[in-house]
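Structural overview for review
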Amino acid sequence: MLHPRIIPNLLIHKKGLVKTVNFSNPKYVGDPINAVKIFNEKSVDELIVTDIDASVNNDEPDYSLIEKMAMECRMPLCYGGGITSAEQAKRIFNLGVEKISISSSAINNPSIITELSDSVGNQSVVVVLDVKKNFFGNSYDILTKNGKHKTKINLDDFIPSLKELGAGEIVLNSIDRDGTMQGYDYKAIDKVRDKTTLPITVLGGAGSLEDIGKLISKYGIIGAAAGSIFVFKGKYKAVLINYPDEKEKMNLIEKNMNFK
């Protein structure tokens, strides 16, 4: 039986692990390789790792760091950051990564989605949509370059095209909720769910396992990604890599999926 996936999201900045708030003020929280080792011990469902410098600086993916993470990682690993060609994607897959994610390159050149899908298979191609409510709060803009560049892409029009282009999954990342720990943006999720049948992972706003439970209760089979709750602990946000144990995770899922 398919289950929702509970997914830590790790951000790489200047080769270190960081956490942001609204895509700004990255706070150093540790070494990414050490974090991967700890998450191995906790048997996480999947890991998303994004180099937030690569696309902004027009850099190549950091293959050396990716290789080190992939060698340590014992769970499915999705890597994003700086990927602009099928050749880069193939090289990353050869290092042991299971999925690649693209954001800026998918917006700037949607045909790259098809190119990557033809090269590595659509099940391995994830399109990340970084979205932010517009000034009036009645629709969402798609942004790139760590939320610094507002695109002219219409979210409602773009979502249905992703499956046709060859994407295998969408990650919906809320800039407004990033690092706030105030809950997921259900309005944005509804907008995407209504426009596609692709698997969706949502990110931005989870402040507790209860928030993940609410997400699962509302949407069922979905990817519940989060950053802050898996790297911070307590009201003072002490840095501590954590993840629910298998019993706690299954109780959370079964309670909110209403399994018999």
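Structure: above.
Residues numbered from 1 in each chain as written. Predicted model: local features only at pLDDT ≥ 70, side-chain atom pairs only at ≥ 80, totals over all residues. Heavy atoms only, no water.

**With respect to the environment of C73**
Position of C73 relative to the elements: it lies in the loop between α2 (63-72) and β5 (77-80). Take C73: its relative accessible area is 13%, and that puts it in the buried class. With 37 residues separating them in the primary sequence, C73 and V36 have C-alpha atoms 6.1 Å apart. With sequence-adjacent residues up to four places away left out, C73 is seen in contact with V36, N40 and L47. (Helix = DSSP H or I, 4+ residues; strand = E, 2+ residues; numbered from the N terminus. Buried < 20%, exposed > 50% of the residue type's maximum accessible area, 1.4 Å probe, protein only. Contact = heavy atoms within 4.5 Å.)

**Looking at the pattern of salt bridges**
Inspection of the entire model under this criterion finds 10 salt bridges. The salt bridge partner of K191 is D156, with a shortest N-O separation of 3.5 Å. Of this pair, K191 sits in helix α7 (residues 186-193) while D156 sits in helix α6 (residues 155-165); the two residues are 35 residues apart in sequence, bridging distant segments of the chain. Bridged by salt links that share partners, the residues R5, E46, K99 and E169 form one connected network. (Salt bridge = Lys/Arg side-chain N within 4 Å of Asp/Glu carboxyl O.)

**A look at α7**
Burial in α7 covers these residues: A188, I189 and V192. Along the axis of α7, the buried positions cluster into a sector of 100 degrees, meaning they face one direction only. Buried residues in α7 make contact with β8 (140-144), α6, β10 (169-174), β11 (200-203) and α8 (209-219). Among the residues of α7, the N-terminal cap falls to D185, whose side-chain oxygen and the backbone nitrogen of K187 are separated by 3.2 Å. (Arc of directions from axis to C-beta. Polar contact = N/O pair within 3.5 Å; in protein donor to acceptor, adjacent residues only side chain to side chain.)

**As for unusual backbone geometry**
The backbone phi angle of N22 is positive, close to 55 degrees, even though this residue is not glycine. With respect to the helices and strands, the residue N22 is situated in the loop between β2 (16-21) and β3 (24-30). Of the residues examined, N22 reaches a relative accessible area of 34% and is grouped as partly exposed. The phi dihedral of K145 is positive, around 55 degrees, even though this residue is not glycine. Topologically, K145 is positioned in the loop between β8 and β9 (149-154).

**Looking at helix α3 (residues 86-94)**
All buried positions along α3 are accounted for by A86, Q88, A89, I92 and F93. For α3, the buried positions fall inside an angular range of 155 degrees around the axis, keeping them on one side. Exposed positions of α3 whose direction lies more than 90 degrees from the buried face are E87 and N94. Here the buried face of α3 lies against α2, β5, β6 (99-102) and α5 (111-120). Looking at the residues trailing α3, positive phi occurs at G96, about 115 degrees.

**So, the pairing of β2**
Burial analysis of β2 places 5 of its 6 residues in the buried class, the great majority of the element. For strand β1 (residues 5-13) and β2, the ladder comprises 3 bridges, and the chain directions are antiparallel. Across the sheet, I12 pairs through a bridge with L17, a residue of β2. The hairpin formed by β1 and β2 contains 2 residues between the paired strands, and K14 there has a positive phi angle of roughly 55 degrees. As defined by bridge partners, β2 adjoins β3 across 4 bridges and the pair is classed as antiparallel. Residue pairing for β3: L17 is matched across the bridge by G30. (Pairing = 2+ DSSP bridges.)

Such coordinate-based values are descriptive only and should not be taken to indicate function.
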